[in-house]
Amino acid sequence: MQKKFKLDLTQESIVIIVQTHNRPTHLQYLVDSLRAARHIEKTLLIISHDYYSAKLNAIVDSVDFCPVMQIFYPYAMQIHPTTFPGEHPNDCPRNIGKAKAVLQKCNNAEHPDKYGHYREARYAQTKHHWFWKLHRVFDEMNYTRNFSGLVLLLEEDHYVTPDSIAVLQQMRQLKKQQCPDCNILTLGTYDKKPSYGYLASKGLFLRLKEHLGFRTPERIDAVDISGWISSKHNMGMALDREVWEKIRKCSDAFCKYDDYNWDWTLQYIGTTCFPSPQLLKVMLSRSPRVFHIGECGVHHKGKNCDPGDKVKQITALLQSNQQFLFPSGLTVMGKVGTTKRKMKANGGWGDVRDHELCMSFIHDTKQR
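Counting starts from 1 at the beginning of each chain's written sequence and moves along it residue by residue. Local features are withheld for residues below a pLDDT of 70 in this predicted model, meaning they are given only at 70 or higher, and side-chain atom pairs are given and counted only at 80 or more; totals for whole chains, interfaces and linings count all residues. Values reported for side chains reflect all heavy atoms of the structure, with hydrogen atoms and water molecules removed beforehand.

Novice: Looking at this model, I keep getting lost on the environment of glycine 86. Mind explaining?
Specialist: Runs of E in the DSSP output that reach at least two residues are strands. Runs of H or I that reach at least four are helices, and both are numbered from the N terminus. Tracing the backbone shows glycine 86 in the loop between strand E3 (68-72) and helix H3 (98-104). Beyond its immediate sequence surroundings of up to four residues, glycine 86 is in contact with Met77, His80, Pro81, Asp91, Arg119 and Ala121. The contact criterion used throughout is that any non-hydrogen atoms of two residues lie within 4.5 Å.

Written out as structure tokens, the structure reads:
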């Protein structure tokens, strides 16, 4: 941890966890954006790795703007390349089919996923890592195991705006006042044409009024409130210990649900295991404060894999809207009721070894 910073966490502090794999260029862009974020010096930054490299370590060593710590997922494929949870030579090929798998007596032949496919280690690792890091931070680390403030979850291919922390602090206050049952605050959106300005959707109208000489309105930004949906609200999400305790109590359901995506699994336990009516409810910043710059990654291969091009686009967008950053306040614009959505698992998580490893994070006291 950086010695130049005195770590004095209070319940009003913000802890940032960055889950990273092996994309140093993306991580460097994220670190650069965090460096420019106002109030970053008051946060604790935790980098959670499942891959070690000198490049990644050098980037973390360059962090001189806030306290920083590193944690390392101990069951990474890099450490276990030819044994579980990596790829064992006798693991069943993904598409072999159960009948042939049983004849060949490959590992876990009796337990394909719901679609008849067998595990792929590189996909399974991400869900394991996500669950492990939350357990590590909330339950085990001396600095954070008694912390009950907000924990902001980022990934190596995210990019934050200069007012991201300030807006998150405003959202926390608004939650206390108008939505005490909002249990997740989300800064990122997947809107392909993000907008900024007074109440976001009304920005163009009010800018025209200002151009015509009307008084400049108070800079108020909009948030929406709805049920948490994994595919919409998983980027730049913040939660606290109360939410983690609910996830923890549903750890068996989380670890056994046949979906290799942590976010789809979280939505599933939020609608089936959380005590009703306490479903996952999100407050979402209508104008994004976290962007995704990873066009190519575990799941996707885009035409242009250079994150620098995406960063240039984001920088241009923020520069043209800098007068709308750091709003003086927030207001709730849209409310959608929380309803239980029927979930369809994506598979990839039928292997009982994955279930057992995942559950061991919570139940195996030898790890502590």
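Novice: Please clarify how the state of the cysteines should be interpreted in this entry.
Specialist: Two cysteines whose sulfur atoms are joined by a covalent bond form what is called a disulfide. Cysteine sulfur atoms that come within 2.5 Å of each other are treated as a disulfide pair. Counting across every chain of the model gives four disulfides. The disulfide partner of cysteine 92 is cysteine 106, and the gap between their sulfur atoms is 2.0 Å. In this structure the cystine formed by cysteine 92 and cysteine 106 twists about its S-S bond by roughly 100°; its chirality is therefore right-handed. One end of the pair, cysteine 92, is in the loop between E3 and H3; the other, cysteine 106, is in the loop between H3 and helix H4 (121-140), with 14 residues separating them in the sequence. Partly exposed residues are those whose accessible area sits between 20% and 50% of the maximum for their type, while under 20% is buried and over 50% is exposed, using a 1.4 Å probe and protein chains only. Cysteine 92 gets classed as buried once you look at its relative accessible area, which sits at 5%.

Novice: What is the right way to look at the environment of phenylalanine 5 in this model?
Specialist: Summarising the element assignment, phenylalanine 5 is placed in the segment before strand E1 (14-20). Distance in space between the C-alpha atoms of phenylalanine 5 and leucine 44 is 9.8 Å, their sequence separation being 39 residues. Apart from residues no more than four positions distant in its own chain, phenylalanine 5 is found in contact with Glu41, Asp64, Phe65, Cys66 and Pro67.

Novice: Just checking my understanding: could you explain the nonpolar core for this structure?
Specialist: The nonpolar side chains of a soluble globular protein tend to be buried, and buried together. Definition used in this section: a nonpolar core is a set of buried Ala, Val, Leu, Ile, Met, Phe, Trp, Tyr and Cys residues joined via side-chain atoms within 4.5 Å. If you look at the biggest cluster of nonpolar residues, it comprises 43 residues, and the most contacted ones within it are Trp130, Phe131, Ile247 and Leu266. The element best represented in this core is H4, accounting for eight residues. Counting 39 residues, the second largest nonpolar core, distinct from the first, contains Ile14, Leu154, Leu168 and Leu330.

Novice: Please clarify how the pattern of salt bridges should be interpreted in this entry.
Specialist: A carboxyl oxygen of Asp or Glu within 4 Å of a side-chain nitrogen of Lys or Arg is what we treat as a salt bridge. This model, assessed by the stated rule, comprises 17 salt bridges. Notably, a salt bridge pairs aspartate 157 with arginine 23, separated by 3.1 Å at the nearest N-O pair. Within this pair, whereas aspartate 157 is found in the loop between strand E4 (150-155) and strand E5 (158-160), its partner arginine 23 is found in the loop between E1 and helix H1 (24-35), the two being separated by 134 residues in sequence. Its relative accessible area of 5% is what places aspartate 157 among the buried residues. Glutamate 120 serves as the salt-bridge partner of arginine 94, at 3.1 Å between the closest nitrogen and oxygen. Taken together, the residues arginine 94 in the loop between E3 and H3 and glutamate 120 in the loop between H3 and H4 connect sequence positions 26 residues apart.

Novice: Before we go on, may I ask you to explain the side chain of threonine 144 in this structure?
Specialist: Among the secondary structure elements, threonine 144 is positioned in the loop between H4 and E4. In this structure threonine 144 touches Leu9, Leu44, Ile46, Val137, Phe138 and Arg241, once residues within four positions along its chain are discounted.

Novice: Even after reading the chapter, I still don't get the packing of aromatic side chains, so can you show me in this structure?
Specialist: By convention here, two paired aromatic rings are described through the distance between centres and the angle between planes. In this scheme Phe, Tyr and Trp rings, the latter by its six-membered ring, pair at centre separations within 6.5 Å, and the angle between planes marks the pair as stacked below 30 degrees, edge-to-face above 60, and tilted otherwise. Within this structure, the stated rule accounts for 12 aromatic pairs. Ring geometry for tryptophan 130 versus phenylalanine 254: centroids 5.9 Å apart, planes at 20°, classification stacked. In this pair, tryptophan 130 sits in helix H4 while phenylalanine 254 sits in helix H9 (residues 251-256), placing the two residues 124 residues apart along the sequence. Here tryptophan 130 matches phenylalanine 254 in class, with each residue buried. These aromatic residues form a ring-pair network of at least three members: Trp130, Phe131, Phe138, Trp244, Phe254 and Trp262. Throughout this description, the term charge over a ring refers to an Arg CZ or Lys NZ atom that lies within 6 Å of the ring centre and within 35 degrees of the ring normal. Against the face of phenylalanine 326 rests arginine 38, its NZ or CZ located 3.8 Å from the ring centre. Sitting over the face of the ring of phenylalanine 254, lysine 127 holds its NZ or CZ atom 5.1 Å from the ring centroid.

Novice: Mind showing me how you'd approach unusual backbone geometry here?
Specialist: Glycine aside, a negative phi is what most residues show, and trans is what most peptide bonds show. Here the bond from phenylalanine 84 into proline 85 is cis, since omega is 10°, no more than 30 degrees from zero. Along the chain, proline 85 turns up in the loop between E3 and H3. Positioned with a positive phi, histidine 39 is a non-glycine residue whose angle comes to about 75°. Tracing the backbone through its elements, the reader meets histidine 39 in the loop between H1 and strand E2 (44-49). At phenylalanine 326, a residue that is not glycine, the phi angle is positive and equals roughly 55°. For phenylalanine 326, the position within the fold is in the loop between helix H11 (307-320) and strand E11 (329-335). The exposure class of phenylalanine 326 is partly exposed, given its relative accessible area of 28%.

Novice: Honestly, the sheet that holds strand E7 (residues 220-227) in this entry has me stumped. Any pointers?
Specialist: Sheet strands pair via backbone hydrogen bonds, and the direction of the pair is either parallel or antiparallel. Two strands are said to pair when DSSP picks up at least two bridges between them. Read from one edge to the other, the open sheet built from nine strands follows the order E3-E2-E1-E4-E8-E6-E9-E7-E11, with strand pairing classed as mixed. With partners counted over all chains shown, the strands left at the sheet margins are E3 and E11, one partner each. On average, each strand axis in the sheet is inclined to that of its neighbour by 25°, with strand direction left out of account. Relative to strand E9 (residues 281-285), E7 runs antiparallel, the two sharing five bridges. Of the residues in E9, the one forming a bridge with glycine 227 is lysine 281. For every element, the axis is a line fit to its C-alpha atoms; helices are fit only across the contacting stretch, and the angle between N-to-C directions ranges from 0 to 180 degrees.

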